[in-house]
Amino acid sequence: MSDCSALESLIEMGFHPNRAEKALAATGNQGIEPAMDWLAEHEDDPEADEPVASVQEDHEDASQITNAGVGGTALSEEEKERQTKRMMELIAQKQLEREEREKRERVEQEKQRRKQGQELSAIKQRMQDQEMKKAAEDRKREKQEEKMARERVREKIARDKADRARRFGGAASEPVSPPVEADIIASPPPLSSPVQEPPSKKEYDQCRIQVRLLDGSSLSQTFCAREQLAAVRLYVELNWPGGPQGPFNLLTSFPRRVFTEDDMEKPLQELGLVPSAVLIVAKK
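The chain has the name UBX domain-containing protein 1 in an unreviewed UniProt entry, where Hymenochirus boettgeri is given as its organism. In its Subcellular location (unreviewed entry) section, UniProt records this for the chain: "Cytoplasm". In UniProt, the chain has this text filed under Function (unreviewed entry): "Component of a complex required to couple deglycosylation and proteasome-mediated degradation of misfolded proteins in the endoplasmic reticulum that are retrotranslocated in the cytosol. Involved in ubiquitin-proteasome systems."

Rendered as structure tokens:
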């Protein structure tokens, strides 16, 4: 079949002359079958109907090609129908292939999207695990620092007790009995003496403090008379079973006196707590 016959057949099938001529030129004028394959592949190409850049001189206008060309014969109606059917099949096949290709691309895109989502979730999970691990390490370090701080306070109290024991003799943790009245008031003079000497006042270097807690239990400790009341409060905070439940005050019942923050800086002997006293814990 000649070029003109193939071009004529394509035009009779309903293809635009420029599109048909392009199909033949693109397939090297190998016949109508390759041209139909090319047309099926470029069915949606809007530029396929543009004029061919180089038109053969022996081709006439598309209106004249409807007649038989040089050395060619026109297609019969049966062959035209067969070629048209073949063309439709090719177009349908190309359409199906394109749909299958697009479906595979969508499936691949969905796989990539899921893979990226899984990777993102894994990254988020790793970040959360790292944050939780860091928070646990920070909490552990804080507890260790708190423990070390308490140890330092306990060591200081132990050193203070040992220092008091060296200065005043005897263990500081041993209870100090309240002085008896005979230690404070001098023995009365003989009845025959006309003049009575005034009683001498004894100076105490230590004092015994008993602290009654909210649950009825109590703590006892010996302190230096010159120590501040803050040392007693610290001792209560460190030795309270289970720890204090909140801020508290120290007070005496008789005479009733609630010690303030200013009193915490005053020595025990200045507050009248020497040689012994009972303090009561009360919630603020």
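Moving on from the coordinates now.
Draft legend 1. Region of interest: unusual backbone geometry. Here the residue pair Phe254 and Pro255 is connected by a cis peptide bond, since its omega of -5° sits within 30 degrees of zero. Assignment of secondary structure puts Pro255 in the loop between strand E3 (248-253) and strand E4 (256-258). Of note, the bond from Val274 into Pro275 is cis; its omega dihedral lies within 30 degrees of zero at 5°. Here Pro275 is to be found in the loop between E4 and strand E5 (276-283).

Draft legend 2. Highlighting the pattern of salt bridges. The full count for this structure, using the stated rule, is 14 salt bridges. Here Arg114 makes a salt bridge to Glu110, at a shortest N to O gap of 3.1 Å. On the criterion of helical spacing, the pair formed by Arg114 and Glu110 is a turn pair, its members being four residues apart in helix H4 (residues 77-168). Note that Arg154 and Glu151 form a salt bridge whose closest N and O atoms lie 3.7 Å from each other. Of this pair, Arg154 and Glu151 are both found in helix H4, three residues apart, which corresponds to roughly one turn of the helix. Counted as one network, the salt bridges with shared partners bring together Glu110, Arg113 and Arg114.

Draft legend 3. Representation of the packing of helix H3 (residues 32-41) against H4 in the model. Interaxial distance between H3 and H4 falls to 9 Å at its minimum, and their mutual angle equals 40°. Regarding the angle of H3 to H4, the classification is oblique. Read as a crossing pair, H3 and H4 show a hand that is right-handed. Mapping the contact onto sequence places Ile32, Glu33, Met36, Asp37, Leu39, Ala40 and Glu41 in H3 and Gln83, Arg86, Met87, Leu90, Ile91 and Lys94 in H4. Of the residues belonging to the contact of H3 with H4, the class tally is seven nonpolar, one polar and five charged.

Draft legend 4. Representation of the nonpolar core within the structure. Counting 21 residues, the largest nonpolar core has Ile209, Val211, Leu229, Val232, Leu250, Leu273 and Leu279 as its most contacted members. Counting only elements with at least two residues in this core, the list comes to strand E1 (206-212), strand E2 (218-224), helix H6 (229-239), E3 and E5. Sequence-distant contacts of Val211, that is, excluding residues within four places in its chain, are made with Ser217, Ser218, Leu219, Val232, Val236, Leu250, Leu279 and Val281. Judged by nonpolar contacts, the second largest core, of 19 residues, contains Leu7, Ile11, Phe15 and Ala40.

Draft legend 5. Seen up close, the pairing of E3. Summarising the sheet, E3 and E5 pair through four bridges and their orientation is antiparallel. Within the sheet, the bridge partner assigned to Leu251 lies in E5 and is Ile280. The antiparallel hairpin formed by E3 and E4 contains two residues in its connecting segment.

Draft legend 6. Expanded view of the packing of aromatic side chains. A complete count under the given rule lists two aromatic pairs for this structure. Here the aromatic rings of Phe223 and Tyr235 are separated by 5.9 Å at their centres, their planes lie at 85°, and the arrangement is edge-to-face. Taken as a pair, Phe223 in strand E2 and Tyr235 in helix H6 lie far apart in primary sequence, twelve residues in all. Its relative accessible area of 12% is what places Tyr235 among the buried residues.

Draft legend 7. Region of the structure containing the packing of helix H2 (residues 17-26) against H3. Relative to each other, H2 and H3 sit at 115°, their axes nearing to 8 Å. Handedness of the crossing formed by H2 with H3: right-handed. When H2 is examined against H3, the residues Arg19, Lys22, Ala23, Leu24 and Ala26 are found in contact with a partner set consisting of Ala35, Trp38 and Leu39. For the contact of H2 with H3, the class distribution of residues is six nonpolar, no polar and two charged.

Draft legend 8. Spatial organisation of the state of the cysteines. Under the defined criterion, the tally for this structure stands at zero disulfides. Distance from the sulfur of Cys207, which forms no disulfide, to the nearest cysteine sulfur (Cys224) is 7.9 Å. Taking relative accessible area as the criterion, Cys224 reaches 4% and is therefore assigned buried.

Thresholds applied
- Residues numbered from 1 in each chain as written.
- Predicted model: local features only at pLDDT ≥ 70, side-chain atom pairs only at ≥ 80, totals over all residues.
- Heavy atoms only, no water.
- UniProt positions renumbered as here; feature names shortened; annotations may be inferred.
- Helix = DSSP H or I, 4+ residues; strand = E, 2+ residues; numbered from the N terminus.
- Salt bridge = Lys/Arg side-chain N within 4 Å of Asp/Glu carboxyl O.
- Axes fitted to C-alpha atoms, helices over the stretch in contact; angles between N-to-C directions.
- Parallel < 35°, antiparallel > 145°, perpendicular 65-115°, else oblique.
- Left-handed = near helix turned anticlockwise from the far one by under 90°.
- Contact = heavy atoms within 4.5 Å.
- Nonpolar A, V, L, I, M, F, W, Y, C, P; charged D, E, K, R; others polar.
- Core = buried A, V, L, I, M, F, W, Y, C linked by side-chain atoms within 4.5 Å.
- Buried < 20%, exposed > 50% of the residue type's maximum accessible area, 1.4 Å probe, protein only.
- Pairing = 2+ DSSP bridges.
- Phe/Tyr/Trp six-rings, centres within 6.5 Å; stacked < 30°, edge-to-face > 60°.
- Disulfide = S-S within 2.5 Å.

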